[in-house]
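# Structural characterization, general
This is what each chain is made of:
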Amino acid sequence: SDLTRADFIKYRLKSFEELDTNKDGKLSIDEFLKLADPPYATDQPGGPNAEERRKLLRQAFTTLDTNGSGFIERSEAEAPIQAEFNQLDTDRDNKITEPELRLIMQRAQQRQDA
């Protein structure tokens, strides 16, 4: 069950599609800030509250809006996901294989244990 680049990006951009309510292929700050609220985020004990989450999202928005248009275009949202895929696809065959996935899970677990 390999994960192709296209599937990975489609999966990771699912929330982009959901947030892009007017379907113009880009996110306004208002659309993006919905990530601070359910179903995307809920208050956790000791975690940031909605206001703090919105503040962090405003910073993330500025970072992602690389051309400073005031919107996150699909290509801007895709760039970090492409980079993430490249990291996971160790043999550069444009798919993430079972062994590659296992290695990633192990690394994530080791980080958690550290």
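The structure contained in this document is the topic of the report that follows. No experiment lies behind these values; they were computed from the predicted model shown. (Residues numbered from 1 in each chain as written. Predicted model: local features only at pLDDT ≥ 70, side-chain atom pairs only at ≥ 80, totals over all residues. Heavy atoms only, no water.)

Moving on: the side chain of Asp 65. Residue placement: Asp 65 occurs in the loop between helix 4 (50-64) and strand 3 (72-73). Buried charge without a partner: Asp 65 forms no salt bridge, and the closest opposite charge is Lys 26, 10 Å away. For Asp 65, the contacting residues outside a window of four places in its chain are Gly 70, Phe 71, Ile 72 and Glu 76. (Helix = DSSP H or I, 4+ residues; strand = E, 2+ residues; numbered from the N terminus. Buried < 20%, exposed > 50% of the residue type's maximum accessible area, 1.4 Å probe, protein only. Lys, Arg positive; Asp, Glu negative; His and termini not counted. Salt bridge = Lys/Arg side-chain N within 4 Å of Asp/Glu carboxyl O. Contact = heavy atoms within 4.5 Å.)

Geometrically, the link from Pro 38 to Pro 39 is a cis peptide bond, its omega value of 0 degrees lying close to zero. The backbone phi angle of Arg 92 is positive, close to 55 degrees, even though this residue is not glycine. Here Arg 92 shows up in the loop between helix 5 (74-88) and strand 4 (95-96). Classification of Arg 92 by relative accessible area gives exposed; the value is 57%. Here the phi dihedral of Asn 94 falls at roughly 65 degrees; this positive angle occurs in a residue that is not glycine. Positionally, Asn 94 belongs in the loop between helix 5 and strand 4.

Relative to the helices and strands, Glu 76 resides in helix 5. Only 3.0 Å separates the side chain of Glu 76 from the backbone nitrogen of Asn 67, close enough to count as a polar contact. If near-sequence neighbours (up to four positions away) are discounted, Glu 76 is found in contact with Leu 64, Asp 65, Thr 66, Asn 67 and Phe 71. (Polar contact = N/O pair within 3.5 Å; in protein donor to acceptor, adjacent residues only side chain to side chain.)

A complete count under the given rule lists two aromatic pairs for this structure. Over the ring of Phe 71 we find Lys 26; its NZ or CZ atom is 4.6 Å from the centre of that ring. (Phe/Tyr/Trp six-rings, centres within 6.5 Å; stacked < 30°, edge-to-face > 60°. Lys NZ or Arg CZ within 6 Å of the ring centre and 35° of its normal.)

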